[in-house]
Every structure is written in structure tokens, then in C-alpha cells.
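Observations on the three-dimensional arrangement
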Amino acid sequence: MPLSKDQQAEIDAQRATSQSTLRATAPGMEKHLYTAHPVLDHGFVRVIDYMGDDNAITQAARVSYGKGTKSVQNDEGLIRYLMRHWHSTPFEMCEIKLHVKLPVFVARQWIRHRTANVNEYSARYSILDREFYIPAPDALNAQSVINNQGRGEALSGEEAQRVLKYLTDDAMRCYDHYEEMISDEGQQGLARELARMNLPANIYTQWYWKVDLHNLLHFLRLRADAHAQYEIRVYADAICKITADWVPYAYKAFEDYRMGGANLSATALDCVRRMLKGEAVTQETSGMSKGEWREFEGVIG
Ligand SMILES: Cc1cc2nc3c(=O)[nH]c(=O)nc-3n(C[C@H](O)[C@H](O)[C@H](O)COP(=O)(O)OP(=O)(O)OC[C@H]3O[C@@H](n4cnc5c(N)ncnc54)[C@H](O)[C@@H]3O)c2cc1C
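Residues numbered from 1 in each chain as written. Predicted model: local features only at pLDDT ≥ 70, side-chain atom pairs only at ≥ 80, totals over all residues.

- Under the annotation held in an unreviewed UniProt entry, the protein carries the name Flavin-dependent thymidylate synthase and is attributed to Roseovarius marisflavi.
- Under Sequence similarities (unreviewed entry), UniProt gives the following word-for-word description of the protein: "Belongs to the thymidylate synthase ThyX family."
- Recorded in UniProt under Catalytic activity (unreviewed entry), the annotation for the protein is "dUMP + (6R)-5,10-methylene-5,6,7,8-tetrahydrofolate + NADPH + H(+) = dTMP + (6S)-5,6,7,8-tetrahydrofolate + NADP(+)". (UniProt positions renumbered as here; feature names shortened; annotations may be inferred.)

Set out below in C-alpha cells:
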């Protein structure tokens with residue numbers, strides 16, 4: 001369970017109170033505020049706060065005094081223009097603050113994104129919960145044979161059961177020892193900051209993560225991508241849905257130009273031009289390496 005009854009009650013109480021404000025609010029985002037969207041077996045993503053909306057982007061781009069909206073179509077067109085031309089600072093005018101509960105090994109990948117502000121639950125000060133990520137059977141895959149940094153088919157039969165048992169048993173045994181070591185019953189009790197080193201990387205941690213929209217989209221571009229590890233991708237997917245409701249025009253432009261678009265090198269672009277003129281370009285005549293050519297074929301279909 002991602003949330004206890006008390007935690008859910010706190011969220012409900014927070015959602016039951018509201019304040020009037022002169023600040024811009026995004027109706028699509030209001031429905032997400034404080035709500036925990038479950039991810040993996042014990043994790044979640046929830047919006048704690050946000051600043052700005054689609055209009056804040058165009059307002060900043062035009063450096064306008066008021067709402068700045070010329071017309072809805074104009075605003076969407078401007079946002080698409082900004083995205084297309086990598087004019088990124090107007091997107092930095094929007095911010096989002098998330099509360100995320102995630103396994104430590106996912107947090108290690110996530111924290112590589114240095115442009116956010118983070119405050120993590122302190123396992124020096126507090127005792128970690130007995131909560132470990134144990135993959136669902138369809139997410140328990142064999143090592144990929146074509147990609148060293150990836151996974152292949154789901155494990156099956158006796159092997160899948162054995163692996164699941166190891167993951168569960170090892171986690172429980174480590175946690176039992178953790179609890180035993182920090183206990184002060186009949187002993188001094190090991191410091192929590194030391195006892196935690198016994199815990200495996202699938203234990204859950206939590207943090208508040210605040211980032212501007214430009215850097216959020218960069219994070220989503222990398223982590224909602226098929227090449228990202230499944231366990232971080234599901235968090236990115238959940239945040240994508242929230243972002244689509246928060247800044248619909250910006251998200252649509254992001255989907256079009258970044259997620260759905262592709263970058264082509266000058267060599268690749270030259271190949272496209274040669275192909276359009278009717279030339280049967282091959283990897284050998286393309287000027288690209290085998291890897292580049294494979295990826296190029298993936299882009300042009
Ligand atoms: C599929 C995948 C596989 C990966 N594999 C590995 C791996 O095997 N090993 C590994 O170590 N990492 C790996 N990474 C992490 C990757 O190398 C980046 O560290 C991570 O994606 C964060 O990207 P970023 O630096 O662009 O993001 P952010 O830290 O959010 O930075 C955003 C942008 O700000 C700028 N910036 C921020 N800080 C600095 C700085 N100090 N100096 C210069 N520019 C800065 C850069 O332009 C950067 O692109 C992987 C990432 C992905 C998505």
C-alpha cells in the first residue's frame with residue numbers, strides 16, 4: 001500500500017480546504033493537488049504545489065503586463081514556436097513541486113538530474129519502513145541479449161519463482177537485522193545512520209522534488225523514453241499525465257517536437273535528401289556506422 005489510512009486522511013483534509021488567490025491556477029492541475037498517484041508496488045507521485053500555467057509561458061515570452069493573451073490560437077502557436085526553436089527560458093517560469101516515494105535504486109538514477117531542488121527523507125534521523133519494491137511477474141525480465149543496458153523476455157516458471165523468493169527473503173532478512181541492530185532493548189542500539197547500510201537498494205525512500213518546466217520536460221524526455229529503465233519510466237509516465245493536465249499546450253508541443261520528433265545529424269539529413277531524389281542509400285553508402293544506420297532506420301521507419 002503506498003499510503004496509510006492516516007496519510008490518506010491528511011491528504012483528504014488538505015484537499016478539503018481551499019484559498020482564494022489572485023495568482024494563476026491551472027484547472028487541470030487543481031484536481032491533482034496533493035493526490036497520490038500510485039506507482040510500482042508501494043510508490044507514488046503527488047503534486048504539492050505548482051506555479052504558472054500555459055499563459056505564464058507566453059506572458060514571459062512577450063514580457064507583458066497583464067494576462068498578455070492575444071488569442072488562444074496565438075498562445076498555442078507561440079508555445080510551439082518557443083519549443084521548436086529551443087527558446088527555453090519562458091518554460092522556466094513554471095514550476096512544480098512533487099512528493100515522490102520511490103525505490104532507492106530508482107532514486108539514484110533520478111538524482112542525476114541536477115537542476116531540481118531536492119529534500120529527501122532522512123534515514124539518519126528516522127527509521128525506514130519495511131517496504132521493498134518487488135517486481136510484478138511481468139516486470140521480472142531476463143538480461144537482454146541485444147542491449148547490455150536492458151532487459152528481454154519475462155522470466156518464467158521455477159526461475160521466476162526462485163528469483164522472487166530471493167528478492168523477498170533477502171529484503172526481509174536485511175530488514176529484520178536492521179530492526180535488531182537499531183533496537184535499544186537490552187543493548188545500546190546501533191546508530192540509524194549506520195544500520196541503514198545493511199538495507200538493499202529496493203527499499204523505498206521519499207523526497208520532495210521541485211523543478212521548473214523546462215528541466216522537467218528534459219527529465220521526461222530522457223526518463224519517459226523507451227530506453228529508460230522501466231522502474232523510472234513508470235514514474236515519468238505518471239508525471240507526463242500530470243504535466244499534460246497542467247500545461248496542455250506546452251505538453252502537446254513537447255510531445256510533438258521532443259517525444260515524438262527526432263534529431264538527425266547532417267549526414268542522416270543528407271541521406272534523407274538523397275532518398276527523396278530516388279537514390280537507394282545503404283549503410284555502406286550512407287557515411288554512417290552500423291549503429292547509426294540502425295537508429296536512422298528506426299527513425300525513418
Ligand atoms: C537511458 C539512460 C542511460 C544512462 N546511463 C548512464 C550510465 O550508464 N552511467 C551514468 O553515470 N549515467 C547514466 N545516465 C545518466 C545521464 O548520463 C545523465 O547524467 C542524466 O540523464 C541527467 O541528464 P542531464 O545531465 O542532462 O540532466 P540535468 O542534470 O537535469 O541537467 C540538465 C542540463 O543542464 C546542464 N547542466 C546541469 N549541470 C551541469 C554541469 N554541472 N555542467 C554542465 N552542464 C550542466 C546540461 O546541459 C544538462 O543537460 C543515463 C541516462 C539515461 C536516460
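Having seen the structure, we can now continue with the description.
**Let's talk about the site of the ligand**
- Close contacts around the ligand come from Arg112, His113, Arg114, Thr115, Asn215, His218, Leu222, His227 and Ala228, and that covers them all.
- Its residues assigned to classes, the shell around the ligand comprises 2 nonpolar, 5 polar and 2 charged. (Near = placed C-beta within 6 Å. Nonpolar A, V, L, I, M, F, W, Y, C, P; charged D, E, K, R; others polar.)

**Here we look at the packing of helix H8 (residues 213-223) against helix H10 (residues 248-259)**
- With their axes 11 Å apart at the nearest point, H8 and H10 run at an angle of 45° to one another. Comparing their axes, H10 and H8 come out oblique. You can see that H8 and H10 cross each other, and the crossing is right-handed. Along its contact with H8, which presents Leu213, Leu217 and Arg221, the element H10 presents Ala250, Phe254, Arg258 and Met259. (Axes fitted to C-alpha atoms, helices over the stretch in contact; angles between N-to-C directions. Helix = DSSP H or I, 4+ residues; strand = E, 2+ residues; numbered from the N terminus. Parallel < 35°, antiparallel > 145°, perpendicular 65-115°, else oblique. Left-handed = near helix turned anticlockwise from the far one by under 90°. Contact = placed C-beta atoms within 7 Å.)

**Section: the UniProt feature "active site" (unreviewed entry) in the protein**
- Here the UniProt feature "active site" (unreviewed entry) sits at Arg223.
- Position of arginine 223 relative to the elements: it lies in helix H8.
- Excluding its chain neighbours within four sequence positions, the residues that come into contact with arginine 223 are Ala228, Ile232, Arg233 and Ala236.

**Side note on the UniProt feature "binding site: dUMP" (unreviewed entry) in the protein**
- In the numbering used here, UniProt assigns the "binding site: dUMP" (unreviewed entry) feature to Gln109, Trp110, Ile111, Arg112, Glu120, Tyr121, Ser122, Ala123, Arg124, Arg196 and Arg223. A maximum C-alpha distance of 29.1 Å among these annotated residues, which run over 115 residues, shows that they spread across the structure rather than meeting at one spot.
- Dropping the residues within four chain positions of it, arginine 124 is found in contact with Arg192 and Glu193.
- Relative to the assigned elements, arginine 196 resides in the loop between helix H7 (192-195) and strand E7 (204-212).
- Setting aside anything within four residues of it in sequence, one finds arginine 196 in contact with Ala123 and Leu128.

**Examining the domain arrangement of the protein**
- On domain assignment, one finds that the protein holds domain 1 (5-132 + 203-259), domain 2 (134-201) and domain 3 (266-300).
- Here domain 2 and domain 3 have C-alpha centroids that lie 45 Å from each other. (Domains from an automatic or database assignment.)

**With respect to the nonpolar core**
- Ranked by size, the top nonpolar core spans 48 residues in total, and within it Val45, Ile79, Tyr235, Val247 and Ala250 carry the most contacts.
- The dominant element in this core, judged by the number of residues it contributes, is helix H9 (residues 230-246), at 8 residues.
- Non-local contacts of alanine 250, meaning those with residues more than four positions away in its chain, are made with Asp54, Ile57, Ile79, Phe91 and Leu213. (Core = buried A, V, L, I, M, F, W, Y, C linked by C-beta atoms within 7 Å. Buried ≥ 20, exposed ≤ 12 C-beta atoms within 10 Å, placed from the backbone.)

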